[in-house]
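Okay, here's what each chain looks like letter by letter:
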Amino acid sequence: MALDKEINKRALQDLLRKPGNSNCVDCGASDPDWASFTLGVFICLNCSAIHRNIPQISKVKSVSVDAWETAEVEFMDSTGNNAAKAEYEQKVPPFYYTPTFADCQLLREQWIRARYERKEFVYIDKQEPYSAGYREGFLWKRGRDNGQFLSRKFILSEREGALKYFNKHDAREPKAIMKVESLNATFQPSKIGNPNGLQITYLKDNSTRNIFVHHEDGKEIVDWFNAIRAARFHYLQVAFPGASDADLVPKLTRNYLKEGYMEKTGPKHTEGFKKRWFTMDDRRLMYFKDPLDAYARGEVFIGSKENSYVVKPGLPPSTQGYHWQHGITIITPDRKFLFACETEQDQVAWIAAFQKVINRPMLPQEYAVEARFKHKP
């Protein structure tokens, strides 16, 4: 009996070395140490916790700790990650967001449920909630002034190229019309304080407007997210008719390069430094008094090194009024921006984020953004 256990243990380790099995089948994390012995896939610890929540579909064991039956090992050998992907991912729409280990729990859970429980990528009709080109429903939206979350009706229409929301359920005119052209959505559970929290942004008069929403049903909010991505995908297909899916998919939605608190001073560098929440959204550096503000207090365009944008650690020697000791100076063609971080770790991370953007050559459309950019000091 002990010999069988040892043989099975070695066989599982051999299976982990087969193509496709060395990464978690669900999120891509390396060196998965768990497996679903009913689905025949190798998964990471985090995804194994999600699989435990669907015991009627998936039963899990540790590859290195638990005892395995010979029949279970043989089933793992006959299936494996590549075979499971071929079975459960037959018809994944190009716009559907496939999460990685770095994404929030909600996205990973709904991806796993969509594949194995609902089989959305085997039966196309199950993709209707996010692929139909029209979606209507109610979301809890944070009020711009009072901070309360209230139920609001939302309508997404590809034909109109807009996402709209209404302040009253029977209102004829929308409170806001968000053009698909500038729409972005990113999950922000920590910032919003809800595991299903979604931040939606759009451009209004060339400034970024933030809307914070959530829904009690995780599937519902992820369907809204993928519906937004679908609308963006079809808009970009029309706008760039020669572009491939691989070119368009990275442009559908984007996570922020970095967020967090820094101190800043005004354009003359004579004011005291004030603590602000900063969001790096591609080339837009925005700062807010509160992380959940609807509008930024100001926005700074970060161009490329070819256009004389530079980031340096530290502050000019004459700088006064800062409390945090770890400074950053961003030099632009027009002026210097001075920031201070609380820790050296924050400083290093922010400089890396700025440098990543500055090292990237500007696209033709980004010159147009730079030209009409309205900086609010």
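As a starting point, this report considers the structure included with it. (Residues numbered from 1 in each chain as written. Predicted model: local features only at pLDDT ≥ 70, side-chain atom pairs only at ≥ 80, totals over all residues. Heavy atoms only, no water.)

### Some thoughts on unusual backbone geometry
Next, step 1: Backbone geometry places Lys119, a non-glycine residue, at a positive phi of 50 degrees.
Next, step 2: With a phi close to 70 degrees, Ser308 is a non-glycine residue in the positive phi region.
Next, step 3: Its location among the elements puts Ser308 in the loop between strand 14 (298-301) and strand 15 (310-313).
Next, step 4: For Ser308, a relative accessible area of 47% translates into the label partly exposed. (Helix = DSSP H or I, 4+ residues; strand = E, 2+ residues; numbered from the N terminus. Buried < 20%, exposed > 50% of the residue type's maximum accessible area, 1.4 Å probe, protein only.)

### Overview of the side chain of His215
Next, step 1: Within the secondary structure, His215 sits in the loop between strand 10 (207-214) and helix 8 (218-239).
Next, step 2: Once residues within four sequence positions are removed from consideration, His215 is found in contact with Phe138, Leu139, Asn196, Glu220 and Ile221. (Contact = heavy atoms within 4.5 Å.)

### Topic: the layout of surface pockets
Next, step 1: Of the pockets and cavities examined, the largest pocket occupies roughly 1200 Å³.
Next, step 2: Lining the largest pocket are 35 residues, with Glu181, Arg232, Arg254, Asp282 and Val369 positioned closest to its centre.
Next, step 3: Secondary structure elements with two or more residues in the lining of the largest pocket: strand 7 (176-179), strand 9 (198-204), helix 8 and helix 11 (364-371).
Next, step 4: Estimates place the volume of the second largest pocket at around 500 Å³.
Next, step 5: Around the second largest pocket sit 24 residues that line it, and Tyr97, Thr186, Arg254, Asn255 and Tyr256 are the ones nearest its centre. (1 Å grid on protein atoms, 1.4 Å probe; cavity = no way out; pocket = protein on both sides within 12 Å on 5 of 7 lines; lining within 4 Å. Points joined across faces, edges and corners; volume = space filled by probe spheres on them.)

### Concerning the sheet that holds strand 10
Next, step 1: Strand order in the open sheet formed by seven strands is 7-6-5-4-10-9-8, with antiparallel pairing between adjacent strands. This sheet does not close on itself; its edge strands, each paired only once, are strand 7 and strand 8 (184-187). Adjacent strand axes in the sheet meet at a mean angle of 35 degrees when their direction is disregarded.
Next, step 2: As paired strands, strand 6 (residues 162-166) and strand 7 are joined by four bridges and run antiparallel to one another. Its bridge partner being in strand 7, Tyr165 is matched across the sheet by Ala176. (Pairing = 2+ DSSP bridges. Axes fitted to C-alpha atoms, helices over the stretch in contact; angles between N-to-C directions.)

### Remarks on the packing of helix 5 (residues 105-117) against helix 8
For any two helices packed against each other, the geometry is given by the interaxial angle and the distance between the axes.
Next, step 1: Interhelical geometry of helix 5 versus helix 8 gives an angle of 95 degrees and a closest axis separation of 10 Å. One element, helix 5, and the other, helix 8, form an angle in the roughly perpendicular class. Counting all contacts with helix 5, which are made through Leu106, Leu107 and Gln110, the residues of helix 8 involved are Gly218, Lys219, Ile221, Val222 and Phe225.
Next, step 2: Classifying every residue of the contact of helix 5 with helix 8 gives five nonpolar, two polar and one charged. (Parallel < 35°, antiparallel > 145°, perpendicular 65-115°, else oblique. Nonpolar A, V, L, I, M, F, W, Y, C, P; charged D, E, K, R; others polar.)

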